Amino acid sequence: MDLDATENVLPAAPENLCFNKDEFIKEDYDIDKFLANVRRHSSLETLREDLSVYMKILQNALVELINRDYADFVNLSSNLVGMDKIICTIKEPLTTFQGQVEELRSLIKEKIEATQQKLAERVAVREKKRVLQHLEGILMCIETMEGILDMSLSSRGDRPGTTLESHLVERISTEFNQLQFYVSKCKGLPLVDTVKPRINRITQVLQQNLEGMFTEGLTTSNDEMLTRCLRTYVTIDKIADAESLFRRVEVKPYMEEYINESYIRQKGGSFAMYSKILEFQKLKCDPLLAVIKPKSGQEPVKGYDFMVNAVWPEVVDLLETKAMSIFAAGNPENFYKEYTDGMEFLSSFELQCATIQSVKRLRAHPSYGKFINKWSLPVYFQIRLQDIAGTMEKCFLTPWTANTENSVYSLSLSHTVQSCIEKCWRKGVFLPSLAHRFWKLTLQILARYRTWLSALCNGEVEIECVVDKPALPRPSSRVDMLKSTDGRASPQSRSESPSSVTEFRKPNSDELVQVIGDGYQLITSITSILQTTIQPSIPVSDSQNAQLSSVLEESFSLIRDQLVSLQGLVAEETVGRVSALMKHVSDIPRLYRRTNKEVPTKSSGYTNQAIQMLGTFKEQHDSSLPDVVRTQILTSVITSVIEQYEETTCEVLLSVKKMEDSLKRLKRGKTSASLVGNMSDDDKIRTQILLDVQHFSQQVRELGMDLESIPSYSKLVADVEQSLPARESPSPTTLQS
């Protein structure tokens with residue numbers, strides 16, 4: 001109902017009512033929904049009061065309406081007087097008119113049905129007439145062709161095997177094509193079954209003559225005869241028969257001569273066989289191609305593709321039956337050669353196809369897929385996978401073997417990882433059809449290397465070493481006698497046990513450094529291999545090349561994480577050795593307290609040993625580690641050493657301070673007996689620590705380290721400065737020089 005009509009039906013309601021008055025006249029009004037909506041924001045008591053208010057409004061409006069139209073309400077019954085007589089008056093003519101309409105409708109329906117029946121009969125007559133015409137055509141065509149054949153045989157003396165003249169063959173083919181049309185329209189009729197033997201005889205004679213013409217045209221290279229013959233085949237819709245005849249007469253004898261195991265062994269491979277196959281086009285197909293695609297000014301014969309429908313299927317069938325050795329994948333090197341030769345032959349064969357449509361038909365031919373699927377690429381890849389993975393795993397069994405190859409790696413394992421990845425993409429191994437598999441294998445090799453690095457970080461990799469043991473005599477036994485080839489126990493078995501045993505130990509920092517250096521070098525080398533070898537081997541777009549680089553970089557990132565963890569292990573071990581030396585700072589009080597030693601003028605020996613150890617680490621791994629990595633390790637080592645050194649030094653200075661305060665309280669007012677040159681033992685200790693810190697700082701700077709960036713170093717300097725008496729406290733520039 002429209003909004004304007006609603007406003008005219010219902011009187012206006014106050015705005016403060018808890019419901020909308022238009023809800024009552026909606027077509028989908030429902031009392032339950034109405035109450036549920038009102039209860040959301042008002043109570044039932046409020047609803048009852050508002051409904052009472054609006055009911056009074058409606059009652060008042062109804063009273064006003066009756067008062068306003070009172071005369072109409074009173075006259076309503078009087079206006080309907082006599083209405084039933086009027087209705088009865090008009091009812092009778094309307095009923096009569098309805099009957100007349102029904103009679104007319106029935107009459108029209110009968111006429112329509114009669115007309116449709118006549119039309120159906122006429123269609124049936126026309127169809128029978130058409131069938132009779134087709135049957136008459138069949139008989140006329142058969143009589144015409146039989147007349148031509150009888151006339152030709154009588155003129156040639158009815159000699160068996162006589163070939164019809166080409167113009168007669170063309171005439172018969174035209175009639176035969178018409179006959180085929182008529183027969184297709186009269187299938188299942190008795191007359192067709194009756195004349196079928198005559199049709200078969202004509203078909204046989206026509207095929208014999210066409211085959212004779214085709215063979216003679218190929219033998220004599222008669223373009224005119226070939227053109228007539230091929231057009232005749234097109235006329236009678238027997239193109240497949242012509243291609244099959246060419247395959248049987250020309251292709252098969254030629255191909256059987258070269259596609260066999262003996263010829264392959266004689267020539268030392270399949271390359272010579274493929275060359276002979278490709279030569280077939282020039283030798284046998286050129287006359288046909290000259291007819292199918294003649295020079296300008298001549299009409300071509302369309303519909304034929306002898307290379308696809310005659311040559312190619314025969315080649316594939318003979319390869320499958322008489323040259324199976326080329327598909328054998330047991331010898332991967334030989335399979336690689338045969339497969340590459342086969343794919344080159346396939347590309348050359350496609351180039352011999354006349355048009356792009358011919359190439360498409362070749363690729364859609366069932367024999368094409370059969371030839372491709374005949375190559376056992378999964379078996380070949382599995383053999384390569386076992387070879388590469390076997391080499392990898394064998395090297396992982398002895399990962400600490402030194403690299404003897406002329407390469408940039410320290411360990412043979414790293415060199416083997418790169419060699420295995422290079423082998424995946426090496427000529428003689430990589431096949432473009434297996435690019436996705438070799439790419440996956442490359443990522444698996446990197447993942448296997450990362451897993452080994454992870455095990456190394458977790459302490460799960462140990463080094464096998466041989467430890468000499470003293471020989472222990474032992475009596476011979478019957479078992480030893482049986483082990484001897486001549487029945488007598490060997491002297492060693494009678495007198496001693498083996499002189500060495502195999503033990504396992506954790507790799508030391510030098511060996512871990514070799515792994516770290518090789519890891520970073522491997523990342524650099526594989527990146528170069530990606531750019532120079534892998535990406536050129538995979539013909540993809542620039543965006544896909546970027547995806548390859550992204551995937552490889554993700555693997556490198558995981559390897560770098562493991563290398564960083566190994567750097568932490570190297571730094572931790574080096575820190576342990578250096579910190580053990582730096583802890584000798586706690587021995588300084590014992591050297592100067594109550595010993596009457598001279599005032600110290602040079603650093604302690606432990607600082608020289610610590611610096612020497614750091615310098616040795618830097619020199620030994622100068623060439624095996626990248627500069628950035630070596631600097632990171634040294635920075636981590638020196639930071640940790642200084643932190644521990646600062647902690648130990650702080651404890652020593654605090655102990656000295658406490659001892660000094662205790663002695664002052666005990667000997668207050670007395671002169672210490674341990675003063676030499678106006679310097680107490682405690683000051684000597686502080687002076688020695690000062691000299692040690694100065695010497696250590698100077699030597700660390702000579703290693704190229706920046707001490708100012710290490711917070712613990714600043715704290716160490718501050719602790720030493722604060723411990724010295726005011727008169728002897730050096731300036732910051734003196735201590736940090």
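In this text the structure is predicted, and so the values were computed from the model without any measurement.

Enquirer: Before we move on, could you go through the overall build of the chain and cite the residues and values that matter?
Expert: Assigned secondary structure in the chain consists of 28 helices and 2 strands. By the burial criterion, 38% of the 737 residues in the chain qualify as buried. Expressed as a percentage of contacts within the chain between residues at least 6 apart in sequence, the contacts between residues at least 24 apart total 76%. Of the accessible surface of the chain, which amounts to about 43,400 Å², a share of 53% is contributed by carbon and sulfur atoms.

Enquirer: Can you explain the packing of aromatic side chains? Please cite residues and give values.
Expert: This model, assessed by the stated rule, comprises 34 aromatic pairs. Note on Phe-335 and Tyr-339: the rings are 6.1 Å apart at their centroids and 15° apart in plane angle, and the pair reads as stacked. Taken together, the residues span about one helical turn, with Phe-335 and Tyr-339 both in helix α13 (residues 332–352) at a distance of 4 residues. A ring pair is formed by Phe-345 and Phe-349, whose centres lie 6.0 Å apart and whose planes are at 55°; its orientation type is tilted. Highlighted residues: Phe-345 and Phe-349, both in helix α13, separated by 4 residues, approximately one helical turn.

Enquirer: So what's going on with a nonpolar patch on the surface? Residues and values would help.
Expert: On the surface, a cluster of nonpolar side chains totalling about 460 Å² of accessible area is made up of Phe-24, Tyr-29, Ile-31, Leu-35, Leu-44 and Leu-51. For the nonpolar patch, the secondary-structure elements that each account for two or more residues are α2 (31–39) and α3 (44–68). With respect to the secondary-structure elements, Leu-51 resides in helix α3. The partly exposed category is assigned to Leu-51, whose relative accessible area is 34%.

Enquirer: Please give an account of the pattern of salt bridges that cites residues and values.
Expert: With the rule as written, the count across this model stands at 23 salt bridges. Across the pair Arg-248 and Glu-211 runs a salt bridge whose closest N-O atoms are separated by 3.9 Å. Of this pair, Arg-248 sits in helix α9 (residues 239–258) while Glu-211 sits in helix α7 (residues 190–220), placing them 37 residues apart in sequence. Across the pair Glu-393 and Arg-448 runs a salt bridge whose closest N-O atoms are separated by 2.9 Å. Pair noted here: Glu-393 is in helix α16 (residues 377–397) and Arg-448 is in helix α18 (residues 435–457), with a separation of 55 residues, a long-range link. When its relative accessible area of 35% is taken as the criterion, Glu-393 is described as partly exposed. With relative accessibility at 27%, the residue Arg-448 sits in the partly exposed group. Taken together, the salt bridges that share partners define one network made up of Arg-247, Glu-314 and Asp-317.

Enquirer: Describe the packing of helix α24 (residues 605–620) against helix α25 (residues 627–666), listing the residues and the values that go with them.
Expert: Running from amino to carboxyl end, α24 crosses α25 at an angle of 160°, the nearest separation of the two axes being 11 Å. In terms of orientation, α24 and α25 fall into the roughly antiparallel class. The handedness of the crossing between α24 and α25 comes out as right-handed. Between α24 and α25, the residues in contact are Tyr-606, Leu-614, Phe-617 and Lys-618 and Arg-630, Ile-633, Leu-634, Val-637, Ile-638 and Tyr-645, respectively. For the contact of α24 with α25, the class distribution of residues is 8 nonpolar, no polar and 2 charged.

Enquirer: Lay out a negative patch on the surface with the relevant residues and their values.
Expert: A contiguous patch of negative charge, built from Glu-27, Asp-28, Asp-30 and Asp-32, is present on the exposed surface. Along the chain, Asp-32 turns up in helix α2.

Enquirer: A description of the environment of Met-582 should follow, citing residues and the corresponding values.
Expert: Within the secondary structure, Met-582 sits in helix α22 (residues 542–582). Residue class for Met-582 comes out buried when judged on its relative accessible area of 2%. For Met-582 and Thr-607, which are 25 residues apart along the polypeptide, the C-alpha to C-alpha distance reads 6.7 Å.

Enquirer: Outline the side chain of Asn-403, listing residues and values.
Expert: Here Asn-403 lies in the loop between α16 and α17 (412–424). In terms of polar contacts, Asn-403 uses its side chain to reach the backbone carbonyl oxygen of Tyr-409, at 3.1 Å. For Asn-403, the residues in contact, after removing those within four places along its chain, are Tyr-409, Ser-410, Leu-411, Ser-412 and His-415.

Enquirer: Outline the side chain of Ser-367, supporting the account with residue identities and numerical values.
Expert: Considering the arrangement of structural elements, one finds Ser-367 in helix α15 (residues 366–373). Judged by relative accessible area, Ser-367 falls into the buried class, the value being 6%. When residues no more than four places from it in sequence are discounted, the contact partners of Ser-367 are Trp-312, Pro-313 and Val-316.

Enquirer: Describe helix α27 (residues 711–723), and please don't skip the residues or the numbers.
Expert: Here α27 is 13 residues long and its end C-alpha atoms lie 19 Å apart, about the 18 Å a rise of 1.5 Å per residue gives. Of the residues making up α27, those classed as buried are Ser-712, Tyr-713, Leu-716, Val-717, Asp-719, Val-720 and Ser-723. Across the axial projection of α27, the buried residues extend over an arc of 160°, all falling on one side. Relative to its buried face, α27 has exposed residues pointing more than 90 degrees away, namely Pro-711 and Gln-722.

Enquirer: Can you lay out the nonpolar core for me, pointing to particular residues and giving the numbers?
Expert: Membership of the largest hydrophobic core comes to 167 residues, with the highest contact counts inside it found for Phe-214, Phe-246, Met-255, Val-311 and Trp-452. Here the element with the most residues in this core is α18; it accounts for 13 residues. Among residues more than four places away in sequence, those in contact with Val-311 are Phe-246, Val-251, Met-255, Phe-280, Cys-285, Phe-306 and Phe-349. Of all hydrophobic cores here, the second largest spans 8 residues; its members include Leu-10, Phe-34, Val-38 and Leu-47.

Enquirer: Describe the confidence of the model for the chain, listing the residues and the values that go with them.
Expert: Detailed conclusions should not be drawn from predicted coordinates in areas where pLDDT is low. Put simply, the chain has an average pLDDT of 80, and 86% of its residues get 70 or more. Averaged pLDDT values over the elements of the chain bottom out at 38 in helix α19 (residues 478–483) and peak at 93 in α18. Note that pLDDT drops below 50 for residues 157–162; the model gives that stretch 3 contacts with residues more than four away or on any other chain. Every residue in residues 475–498 scores below 50 in pLDDT, and together they form 26 contacts with partners more than four places removed in sequence or on other chains.

Enquirer: A description of the packing of α25 against α27 should follow, citing residues and the corresponding values.
Expert: Taken N-terminus to C-terminus, the directions of α25 and α27 make an angle of 20°; their axes are 9 Å apart at the nearest point. By the angle between their directions, the pair α25 and α27 is classed as roughly parallel. Here α25 runs over α27; the crossing is left-handed. Facing Thr-639, Ile-642, Glu-643, Tyr-645, Glu-646, Thr-649, Cys-650 and Leu-653 of α25, the residues of α27 in contact are Ser-712, Tyr-713, Lys-715, Leu-716, Asp-719, Val-720 and Ser-723.

Enquirer: Tell me about the environment of Gln-632, and please be specific about residues and values.
Expert: Topologically, Gln-632 is positioned in helix α25. A distance of 3.3 Å separates the side chain of Gln-632 from the side chain of Gln-567, its partner in a polar contact.

What counts, and at which threshold
- Residues numbered from 1 in each chain as written.
- Predicted model: local features only at pLDDT ≥ 70, side-chain atom pairs only at ≥ 80, totals over all residues.
- Heavy atoms only, no water.
- Helix = DSSP H or I, 4+ residues; strand = E, 2+ residues; numbered from the N terminus.
- Buried < 20%, exposed > 50% of the residue type's maximum accessible area, 1.4 Å probe, protein only.
- Contact = heavy atoms within 4.5 Å.
- Areas by Shrake-Rupley, 256 points an atom, 1.4 Å probe, with all protein chains shown as cover.
- Phe/Tyr/Trp six-rings, centres within 6.5 Å; stacked < 30°, edge-to-face > 60°.
- Patch = residues over 30% accessible without salt bridge, like charges linked within 9 Å, V, L, I, M, F, W, Y side chains within 5 Å.
- Salt bridge = Lys/Arg side-chain N within 4 Å of Asp/Glu carboxyl O.
- Axes fitted to C-alpha atoms, helices over the stretch in contact; angles between N-to-C directions.
- Parallel < 35°, antiparallel > 145°, perpendicular 65-115°, else oblique.
- Left-handed = near helix turned anticlockwise from the far one by under 90°.
- Nonpolar A, V, L, I, M, F, W, Y, C, P; charged D, E, K, R; others polar.
- Lys, Arg positive; Asp, Glu negative; His and termini not counted.
- Charge placed at Lys NZ, Arg CZ, Asp CG, Glu CD.
- Polar contact = N/O pair within 3.5 Å; in protein donor to acceptor, adjacent residues only side chain to side chain.
- Expected span 1.5 Å × (residues − 1).
- Arc of directions from axis to C-beta.
- Core = buried A, V, L, I, M, F, W, Y, C linked by side-chain atoms within 4.5 Å.
- pLDDT = per-residue confidence, 0-100.

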